[in-house]
Amino acid sequence: MTTQEEARKSMAEARHHEEHIEENMLTRSQEKIEQSSGEEIEAEARDLMVEQRQHQEHTKETMLSRSEAEISKN
């Protein structure tokens, strides 16, 4: 193998190695984004569930107060 052929082979191997590293970095980045998005969605869902529960409790308390007020009138 000539020096030129060895240089081409080395360059091709280096390029292949760089492409492999870039692919790994891209895959890891995508996984991190997906994981972060999932965590954010879960946190938002928890917050919305808490808000909904608080709203339901408030509605229930309001209805109870109104019922008590109606009963007291009579």
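Each remark here, short or long, concerns the structure printed above.
Anyway, here's the lowdown on the structure attached to this text. (Residues numbered from 1 in each chain as written. Predicted model: local features only at pLDDT ≥ 70, side-chain atom pairs only at ≥ 80, totals over all residues. Heavy atoms only, no water.)

**Some points on the overall build of the protein chain**
How we decide: Helix numbering and strand numbering both begin at the N terminus, where a helix is a DSSP run of H or I of at least 4 residues and a strand a DSSP run of E of at least 2. Accessible area is worked out with a 1.4 Å probe on protein chains only. A residue is then buried under 20% of its type maximum, exposed over 50%, and partly exposed in between. For the accessible areas, the method is Shrake-Rupley and the probe is 1.4 Å, while residue cover comes only from the protein chains on display. Within this scheme the basic residues Lys and Arg register as positive and the acidic residues Asp and Glu register as negative, but His and the chain ends are omitted. We put the charge of a Lys on NZ, of an Arg on CZ, of an Asp on CG and of a Glu on CD.
A tally of regular secondary structure across the protein chain gives one helix and zero strands. Along the three orthogonal principal directions, the C-alpha set of the protein chain runs to about 110 × 5 × 5 Å. By residue count, 0% of the 74 residues in the protein chain fall in the buried class. Working note: accessible area of the protein chain is about 7,400 Å², and carbon and sulfur atoms make up 52% of it. Averaging the coordinates of the 10 positive side-chain charges in the protein chain and doing the same for the 19 negative ones gives two points 4 Å apart.

**Digging into the pattern of salt bridges**
Put simply, the test is: For this analysis, a salt bridge means a side-chain nitrogen from Lys or Arg found within 4 Å of a carboxyl oxygen belonging to Asp or Glu.
The full count for this structure, using the stated rule, is one salt bridge. A salt bridge links Glu70 to Lys73; its shortest N-O distance comes to 3.7 Å. Note that Glu70 and Lys73 are positioned in helix α1 (residues 3-73) at a spacing of three residues, about one turn of the helix. When its relative accessible area of 45% is taken as the criterion, Glu70 is described as partly exposed.

**Focus: a negative patch on the surface**
The condition is simple: A residue counts toward a patch only above 30% relative accessible area and without a salt bridge, and it is joined to like-charged neighbours within 9 Å or, for Val, Leu, Ile, Met, Phe, Trp and Tyr, to nonpolar neighbours within 5 Å.
Residues Glu39, Glu40, Glu42, Glu44, Asp47 and Glu51 make up a contiguous surface patch of negative charge. Within the secondary structure, Asp47 sits in helix α1. Residue class for Asp47 comes out partly exposed when judged on its relative accessible area of 49%.

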